Amino acid sequence: MKHIILKSILALAACLLAFSCSKEYLNTVPEDSTSPATIFETTGNAKLAINGISRLMTVQYMSNQGYNGEGTIMSHYGNWPGNDLQRCNNTGNDYIINSDSHDQVSYYFTIFAWFYYYKLINNANQIIANIGGAEGPESERQFIKAQALTYRAYCYFMLSQIYCYRWDDRNSAVNEGVGYGLPYRGETDEDPTGPLGKTKLEDIYANVYKDLDQAIELYKQSGLHRAADEFYLPDVDVAYAVYARASLTRQDWAKASEMARLARADHPLMSQRDYMESGFSVPNDEWIWGVYDAADQTLYYYSYFAYLASNGSSGNCRNYPSAISQELYDQIPETDVRRALWLEPTEAERKECNSAGRSTKTLYKRAFAEHGDKLYSTSAVYMYMQFKFQNQEQPGVGSFNFMRAAEMYLTEAEALCMQGGHDAEVQQLLNTLNANLDPSYNCTKTGADLLKEVKFYRRLDLWGEGQNWFDYKRWNEPIVRKAISDGGSWHKTFSGTIAPEANYKWTFYIPQKELDYNPLVRN
């Protein structure tokens with residue numbers, strides 16, 4: 001692995017392999033016809049290259065179990081080190097959960113997001129640079145270019161959240177390998193493999209905005225849309241949603257509220273039944289963007305749900321279930337059906353649990369009596385364990401979303417709170433969001449209390465969907481975990497406080513391979 005972003009990992013010929021799929025999802029360029037000239041000969045072939053990028057979001061990476069593309073970003077970066085999802089007794093991953101490895105420049109965890117997102121960027125750049133010469137309708141060229149621009153914007157935004165300081169700290173003093181910017185590689189660079197210095201965070205966001213503005217315009221000009229079942233491919237709503245996330249993180253409140261409103265417009269909130277019973281592994285109309293998975297192309301024990309599903313047969317699911325923090329759970333109204341997604345212990349059942357929160361007695365029996373269809377036969381039972389996520393087949397088969405309408409409601413609400421003067425609109429957004437899940441809910445809070453309410457429902461409704469650590473980073477708020485021995489629900493290994501200033505302001509160092517081969521990135 002030479003300089004990770006500088007050596008084009010593209011080889012659209014090497015990574016866009018042929019994958020069998022029963023419903024022809026994610027068909028890619030065949031292995032025997034994958035030269036760049038072939039890929040961009042026609043818009044039909046270029047569509048397969050776009051599908052190939054989608055496929056790259058759900059394949060095994062770095063010969064390491066658990067590194068599976070976008071699922072790893074959601075779990076290892078968004079969920080595990082956050083404030084609200086605990087891995088019970090999974091002390092073997094304490095370096096991830098406690099954010100203790102941000103400066104370990106040769107660790108898989110520090111390297112992975114860099115390697116993964118620049119791989120996607122290099123592929124998107126090739127499409128952007130070459131699609132203009134592909135034979136086919138102009139509308140198809142426009143739509144494909146828009147999709148590639150959307151991928152690139154998303155990847156740079158995600159990289160900035162992991163490897164750059166939060167927006168408020170963007171001008172802080174920096175150390176070698178950490179801080180204020182990223183190498184930015186566009187599709188028109190004269191030397192696509194040469195050394196490249198850092199682009200400041202402000203300019204990274206400017207490029208993200210530019211890509212999304214162009215993508216949105218091209219989507220509109222093309223008049224095309226993805227098929228109803230192609231939730232794994234970008235379209236104009238995905239561009240709006242990426243724009244909403246990026247502008248919220250950049251504190252561009254007006255833009256965030258505008259884009260979130262556009263992103264959710266054609267995606268109705270899921271029904272209570274879908275929310276409570278689908279296991280968040282079956283696509284529905286609320287999903288704006290997601291990852292496709294099926295039994296004939298699953299990653300087995302490397303897959304996303306092999307680490308999360310309450311009914312999973314994998315050792316990670318059976319032995320280390322995911323659970324909600326008691327602090328968050330205790331705030332859920334009694335009238336809210338979402339309470340049933342987690343296993344609340346009685347006081348007597350709590351006392352029966354061991355020091356890690358595991359039960360082999362009354363709570364264990366009740367878990368299988370009440371939620372047996374959402375557990376594997378040999379699953380360990382822990383207090384506050386989750387039943388929100390289940391796979392569709394063993395050991396971890398299931399599609400998953402990483403953008404849906406509820407997030408956009410909450411993004412719009414938060415951005416309106418930050419602008420001020422929109423309390424009635426925010427109240428209505430929260431009332432609409434919760435209508436199917438807590439019929440008695442009626443928001444009347446205002447001002448600072450209203451913003452706190454928005455943050456609470458963001459933590460609750462998006463629990464386990466890969467947003468928690470990123471939210472706490474941009475909120476500039478501490479992660480506070482209370483140990484079981486102190487009346488909380490966290491294993492003592494993970495308990496304590498992680499301040500916003502800790503761990504290089506929650507910023508990962510640039511990987512050593514990049515520092516070694518790219519001297520321009522060292523300052």
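Worth saying up front: this structure is predicted, and the values here are computed from it rather than measured.

Visitor: Teacher, can you tell me more about the overall build of the protein here?
Guide: Counting secondary structure elements, the protein contains 21 helices and ten strands. A globule of 523 residues ought to have a C-alpha radius of gyration of about 24 Å, and the protein, at 22 Å, matches this closely. Counting only C-alpha atoms and orienting by the principal axes, one finds that the protein spans roughly 70 × 50 × 45 Å. The 523 residues of the protein split such that 62% are buried. Taking the intrachain contacts of the protein between residues at least 6 apart in sequence as the baseline, contacts between residues at least 24 apart amount to 73%. Carbon and sulfur atoms provide 46% of the accessible area of the protein, an area that totals close to 19100 Å².

Visitor: Help me out: how do you make sense of the layout of surface pockets in this one?
Guide: In this approach, a probe sized like a water molecule rolls over the atoms, and the result shows the empty space that is left. By volume, the largest pocket amounts to about 320 Å³. Lining the largest pocket are 15 residues, with Arg 226, Ala 227, Ala 228, His 267 and Trp 287 positioned closest to its centre. Considering only residue class, the lining of the largest pocket consists of six nonpolar, three polar and six charged. Of the pockets and cavities examined, the second largest pocket occupies roughly 250 Å³. Every residue lining the second largest pocket is counted, 13 residues in all, and those nearest its centre are Lys 47, Phe 143, Gln 147, Glu 230 and Leu 233. Among the elements of the structure, helix 3 (43-56) and helix 7 (138-163) are those that each provide at least two residues to the lining of the second largest pocket. Taken together, the residues that form the lining of the second largest pocket break down as six nonpolar, three polar and four charged.

Visitor: Please clarify how the environment of Ala 340 should be interpreted in this entry.
Guide: Here Ala 340 is to be found in the loop between helix 13 (326-329) and helix 14 (347-352). A relative accessible area of 43% places Ala 340 in the partly exposed class. In sequence terms Ala 340 and Lys 388 are 48 residues apart; their C-alpha atoms lie 9.0 Å from each other. If near-sequence neighbours (up to four positions away) are discounted, Ala 340 is found in contact with Met 276, His 371 and Phe 387.

Visitor: How should the pattern of salt bridges be read in this particular structure?
Guide: If the charged atoms of two oppositely charged side chains come close together, the side chains can form a pair. As enumerated under the stated definition, the model contains 30 salt bridges in all. Note that Glu 412 and Arg 264 form a salt bridge whose closest N and O atoms lie 2.9 Å from each other. Taken together, the positions of Glu 412 in helix 16 (residues 405-419) and Arg 264 in helix 10 (residues 253-264) put the pair 148 residues apart, joining distant regions of the chain. Across the pair, exposure class does not vary: Glu 412 and Arg 264 are buried alike. Three or more residues joined by partner-sharing salt bridges are found here, namely Glu 286, Asp 336, Arg 338, Lys 388, Arg 404, Asp 461 and Glu 465.

Visitor: What am I meant to see in unusual backbone geometry here?
Guide: Glycine aside, a negative phi is what most residues show, and trans is what most peptide bonds show. Following Gln 394, the chain continues to Pro 395 via a peptide bond in cis, the omega torsion being 0 degrees. Within the secondary structure layout, Pro 395 lies in the loop between strand 7 (381-382) and strand 8 (400-404). Not every positive phi belongs to a glycine, and Cys 88 is a case in point at roughly 55 degrees. Mapped onto the elements, Cys 88 comes out in the loop between strand 1 (85-86) and helix 5 (94-97). Residue Lys 505 is not a glycine yet carries a positive backbone phi of 60 degrees. In this structure, Lys 505 sits in helix 20 (residues 502-506).

Visitor: It is not clear to me how empty space enclosed by the protein should be interpreted in this structure. Could you clarify?
Guide: One pass over the full model with this rule turns up eleven cavities of 30 Å³ or more. Its volume calculated, the largest cavity comes out at about 100 Å³. Of all the secondary-structure elements, those providing two or more residues to the lining of the largest cavity are helix 7, helix 8 (201-222) and helix 19 (468-475). Grouping the amino acids of the lining of the largest cavity by side-chain chemistry returns six nonpolar, three polar and three charged.

Visitor: Honestly, helix 6 (residues 108-130) in this entry has me stumped. Any pointers?
Guide: Each full turn of the α-helix corresponds to 3.6 residues, which orients residues three or four apart in the same direction. The first and last C-alpha atoms of helix 6 sit 33 Å apart over 23 residues, in line with the 33 Å expected at 1.5 Å per residue. A large share of helix 6 lies buried, amounting to 19 of its 23 residues.

Visitor: Even after reading the chapter, I still don't get the packing of aromatic side chains, so can you show me in this structure?
Guide: Two aromatic rings are characterised by how far apart their centres lie and by the angle between their planes. Using the criterion set out here, one finds 47 aromatic pairs in the structure. Plain terms: the ring middles of Trp 167 and Tyr 205 are 5.5 Å apart, the flat faces sit at 85 degrees to each other, and that makes the pair edge-to-face. Taken as a pair, Trp 167 in the loop between helix 7 and strand 2 (181-183) and Tyr 205 in helix 8 lie far apart in primary sequence, 38 residues in all. Each member of the pair Trp 167 and Tyr 205 is classed as buried. Each ring, one from Tyr 304 and one from Phe 305, has its centre 5.3 Å from the other, and the planes form 70 degrees; the classification is edge-to-face. Given the relative accessible area of 6%, Tyr 304 is considered buried. Phe 305 sits in the buried class, given a relative accessible area of 0%. The cationic tip of Arg 264 hangs over the ring face of Tyr 409; the distance from NZ or CZ to the ring centre is 4.3 Å.

Visitor: Sorry if this is basic, but what is going on with the packing of helix 4 (residues 70-79) against helix 6 here?
Guide: Two packed helices can be described by the angle between their axes and the distance between those axes. Close contact between helix 4 and helix 6 brings their axes to 11 Å; oriented N to C, the two are set at 145 degrees. Judged by the sense of rotation from one axis to the other, the crossing of helix 4 with helix 6 is left-handed. Across the interface between the two elements, Glu 70, Thr 72, Ile 73, His 76 and Tyr 77 from helix 4 touch Phe 109, Phe 112, Ala 113, Tyr 116 and Tyr 117 from helix 6. Class assignment for the residues of the contact of helix 4 with helix 6 results in seven nonpolar, two polar and one charged.

Visitor: Looking at this structure, I do not really get the packing of helix 8 against helix 9 (residues 236-249). What am I missing?
Guide: The N-to-C vectors of helix 8 and helix 9 enclose an angle of 160 degrees; their axes lie 10 Å apart at closest approach. By the angle class used here, helix 8 and helix 9 are roughly antiparallel. By crossing handedness, the relation of helix 8 to helix 9 is classed as left-handed. From helix 8, Tyr 205, Val 208, Tyr 209, Leu 212, Asp 213, Ile 216, Tyr 219 and Lys 220 reach across to helix 9, where they touch Val 236, Ala 239, Tyr 240, Val 242, Tyr 243, Ala 246, Ser 247 and Thr 249. A class-by-class count of the residues in the contact of helix 8 with helix 9 yields twelve nonpolar, two polar and two charged.

Visitor: For this particular structure, what's the right way to read helix 4?
Guide: Most of helix 4 sits inside the fold, with ten of its ten residues counted as buried. Burial in helix 4 covers these residues: Glu 70, Gly 71, Thr 72, Ile 73, Met 74, Ser 75, His 76, Tyr 77, Gly 78 and Asn 79.

Basis of the calculations
- Residues numbered from 1 in each chain as written.
- Predicted model: local features only at pLDDT ≥ 70, side-chain atom pairs only at ≥ 80, totals over all residues.
- Heavy atoms only, no water.
- Helix = DSSP H or I, 4+ residues; strand = E, 2+ residues; numbered from the N terminus.
- Rg over C-alpha atoms; globule rule 2.2 N^0.38 Å.
- Buried < 20%, exposed > 50% of the residue type's maximum accessible area, 1.4 Å probe, protein only.
- Contact = heavy atoms within 4.5 Å.
- Areas by Shrake-Rupley, 256 points an atom, 1.4 Å probe, with all protein chains shown as cover.
- 1 Å grid on protein atoms, 1.4 Å probe; cavity = no way out; pocket = protein on both sides within 12 Å on 5 of 7 lines; lining within 4 Å.
- Points joined across faces, edges and corners; volume = space filled by probe spheres on them.
- Nonpolar A, V, L, I, M, F, W, Y, C, P; charged D, E, K, R; others polar.
- Salt bridge = Lys/Arg side-chain N within 4 Å of Asp/Glu carboxyl O.
- Expected span 1.5 Å × (residues − 1).
- Phe/Tyr/Trp six-rings, centres within 6.5 Å; stacked < 30°, edge-to-face > 60°.
- Lys NZ or Arg CZ within 6 Å of the ring centre and 35° of its normal.
- Axes fitted to C-alpha atoms, helices over the stretch in contact; angles between N-to-C directions.
- Left-handed = near helix turned anticlockwise from the far one by under 90°.
- Parallel < 35°, antiparallel > 145°, perpendicular 65-115°, else oblique.

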